[in-house]
Structures are given as structure tokens and as C-alpha cells.
Amino acid sequence: MLLSVVITTKNEGDNIENCLGAFSSFREEVELIVVDNASTDDTKAKAEAFGAKVLDIGPERSAQRNLGWRSAISPWVMILDADMILPRETIEEILGKIRALTRDGGDISAFWIPEVRVGNTWRVKARNFERSFYDGTAIDALRLFRKSVLEKTGGYDETLIAGAEDWELDIRVLALGVKAEVLRGALLHNESKLSFARMLEKKAYYSKSMTAYRAKYVAHPNVKKQFSLYYRYLGVFVENGKWRKIIAHPILFAQVMLERIAVGMVYLLNK
């Protein structure tokens, strides 16, 4: 096995088949691990039908992810949510890079994977436009690791939840001197049913760990960017020549700013 894919679930019966099915042609090289959190639907049964190793732990995603990667038998581990789907070409790129690094002894040990939201609505277009500015920045989060890197760091901080644990692990991974790259291929994130209200509700939940995370790394340059009004509302959008995209798509950028302002207000109210 070259790659172990860890997918965290809780009542994801509507999504898990699409997520796991993407790897059907790669089972000789890919191990599937579904770490559930006491689902009451058919998530576990569907995962088992795809030949996945099914585990169960809670109460939060960070604990699920840690159990998953620690159970992995492959030298590389990828962390996914159940509503994510990897296109065939992205899987082929990942396996190709792992083979090349194994053969040639390269020093890349982690990857960011670009995300593309699924859907044809205006909000999905705006969210994809926003996400395109974040690849490989302090706002992004690593998803593909050498297992040895996770072993050295100890994995996700289980006192943090929903977003903060991703950023926190990145800090410790990169502090090891690990070299990371952005993949060329993307993963598909199915947010077709995510309304504006539901998005704000999720952000309110995510904010619960942000204060503890920020206090832990108050002087770290990544954290300063992540909580900087300047960087979150301007810097990340104009650095490295990205301002050209704003000029090309000003109306999309206006929609992004409206949502960013709403998310900022939710964070302040739940701080």
C-alpha cells in the first residue's frame, strides 16, 4: 500500500459512497479507513461494503483523525471529510508523486490540495473564487502527509476542534523543517446543500476553539495572518500578483467580501 486515506464521518450515508467510490480503481495501492463518530444511519454499512476499515471514536474530528492515521499501514496518509471527492486525475497525481518520492528519495513530505466546491449557484462560484486565493497560504491546511511526519508531531491536538486543529498541526509540521507543496490537481468539496445560514452556523461552531488556538501561538506569523484584518480582507487577495484576479472578476470579489464580513461578525459574537 502506498497511501492510506482517512475519512471522518458522522451520519454521512448520503456522501460516503461517492467519497469512497473514487478510489475503487486504486485499491491495490490505497487503503481506506473510515473513522465514524456513533452514526445512527447506514454510514458504517456502506463503508464496509466498499472494503474500508471502519473504526469508531469521538467526540470530535481531531480524535477521529488521530485514530485513523495511527491505524494506517501505508507510508503516506491523506485526511478527507466525507463530503469530499477526489477526481481520478488527482488520485493519479498523488500516487505518482508518492512513487517518485519513494524511488528518488525526494524531501517533500506534505502537500496542500486545492479545493473546488461542487455546484452551479452564484454562492458556489464566489466560494471557489475565494478559495483560489488561499492555496499554500496560512489560510490553507495540509491534507497529505508522510506518516512519519504525523508520528513526529503526534498528530492533531484533540483539545482543538473544527478548523483550529488543522492550522495548529500545520504549524508543528512546518516547524520540523518539512518541505510542502501545493498539488496541481484539486479535490471536489460537495457544498451544494450548504446554505448561507448553515455556513454561518458552522463558522460559529468553528470559533469555539479559535481563542485557545490563538493564545497558544499568539506570536506565530501564521496566526498573526490568520487573525489579521488586513491579511484576511486584503493581503491574501493581493499578494504575489493575485490582485489581477480581482480586477478580472470584481463582482465575484464583492460577494466574497460580503461573506467574509458576515463570517467576521459571527466570529466576534462567538469569541
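Our subject is the structure listed above.
The rules we used
- Residues numbered from 1 in each chain as written.
- Predicted model: local features only at pLDDT ≥ 70, side-chain atom pairs only at ≥ 80, totals over all residues.
- Heavy atoms only, no water.
- Helix = DSSP H or I, 4+ residues; strand = E, 2+ residues; numbered from the N terminus.
- Contact = heavy atoms within 4.5 Å.
- Pairing = 2+ DSSP bridges.
- Axes fitted to C-alpha atoms, helices over the stretch in contact; angles between N-to-C directions.
- Right-handed = clockwise from strand over helix to strand, strands pointing away.
- Salt bridge = Lys/Arg side-chain N within 4 Å of Asp/Glu carboxyl O.
- Buried < 20%, exposed > 50% of the residue type's maximum accessible area, 1.4 Å probe, protein only.
- Phe/Tyr/Trp six-rings, centres within 6.5 Å; stacked < 30°, edge-to-face > 60°.

### Thoughts on the environment of Glu168
For step 1, the next point in the chain: Locating Glu168 in the fold gives a position in helix H7 (residues 164-175).
For step 2, the next point in the chain: Here the alpha-carbon distance between Glu168 and Tyr213, two residues 45 residues apart in the chain, equals 7.1 Å.
For step 3, the next point in the chain: Apart from residues lying up to four places away in sequence, Glu168 is in contact with Asp157, Leu160, Tyr213, Lys216 and Tyr217.

### A few points about the sheet that holds strand E8 (residues 144-146)
For step 1, the next point in the chain: The 7 strands lie next to each other as E3-E2-E1-E4-E8-E6-E9, forming an open sheet whose pairing is mixed. A strand with exactly one partner marks an edge of an open sheet, and here the two such strands are strand E3 (53-56) and strand E9 (179-182). Mean inter-strand twist for the sheet, computed between neighbouring axes without regard to direction, equals 25°.
For step 2, the next point in the chain: Helix H3 (residues 61-70) contacts strand E1 (3-9), strand E2 (30-36), E3 and strand E4 (76-81) of the sheet and is inclined by roughly 155° relative to E1.

### Quick look at the pairing of E3
For step 1, the next point in the chain: When E2 meets E3, the two strands line up parallel, connected through 4 bridges. In the strand pairing of E3, Val34 is matched with Val54.
For step 2, the next point in the chain: In the classification by handedness, the crossover that spans E2, the intervening helix H2 (residues 43-49) and the parallel E3 is right-handed.

### A look at the pattern of salt bridges
Close approach of charged atoms allows side chains with opposite charge to pair.
For step 1, the next point in the chain: Tallied over the entire structure, the rule returns 26 salt bridges.
For step 2, the next point in the chain: Lys46 is the salt-bridge partner of Asp42, the closest N and O atoms lying 3.5 Å from each other.
For step 3, the next point in the chain: The residue Lys242 makes a salt bridge to Glu239 at a minimum N-O spacing of 3.4 Å.
For step 4, the next point in the chain: One connected set of salt bridges, linked through shared partners, spans Arg61, Arg65, Asp81, Glu115, Arg117, Arg131, Asp135, Asp140, Arg143, Glu165 and Asp166.

### Observations regarding the pairing of E4
For step 1, the next point in the chain: Burial of E4 is extensive: 6 of the 6 residues sit out of reach of the surface.
For step 2, the next point in the chain: Neither face of E4 is open: one carries Trp76, Met78 and Leu80, the other Val77, Ile79 and Asp81, and all of them are buried.
For step 3, the next point in the chain: Judged from the 6 bridges that link them, E1 and E4 form a sheet pairing that is parallel. The partner of Val5 across the bridge, within E4, is Met78.
For step 4, the next point in the chain: Across 3 bridges, E4 lies against E8 in antiparallel orientation. Of the residues in E8, the one forming a bridge with Val77 is Phe145.

### Considering the packing of aromatic side chains
For step 1, the next point in the chain: Taken as a whole and judged by the stated rule, the model has 9 aromatic pairs.
For step 2, the next point in the chain: Here the aromatic rings of Tyr213 and Phe227 are separated by 6.2 Å at their centres, their planes lie at 40°, and the arrangement is tilted. Highlighted residues: Tyr213 in helix H8 (residues 196-216) and Phe227 in the loop between helix H9 (221-226) and helix H10 (229-238), separated in sequence by 14 residues.
For step 3, the next point in the chain: Here Tyr213 falls in the buried class, since its relative accessible area comes to 0%.
For step 4, the next point in the chain: The exposure class of Phe227 is buried, given its relative accessible area of 19%.
For step 5, the next point in the chain: Aromatic side chains Phe237 and Phe253 sit 5.3 Å apart centroid to centroid with 75° between the ring planes, which places their arrangement in the edge-to-face category. One end of the pair, Phe237, is in helix H10; the other, Phe253, is in helix H12 (residues 250-270), and 16 residues separate them in sequence.

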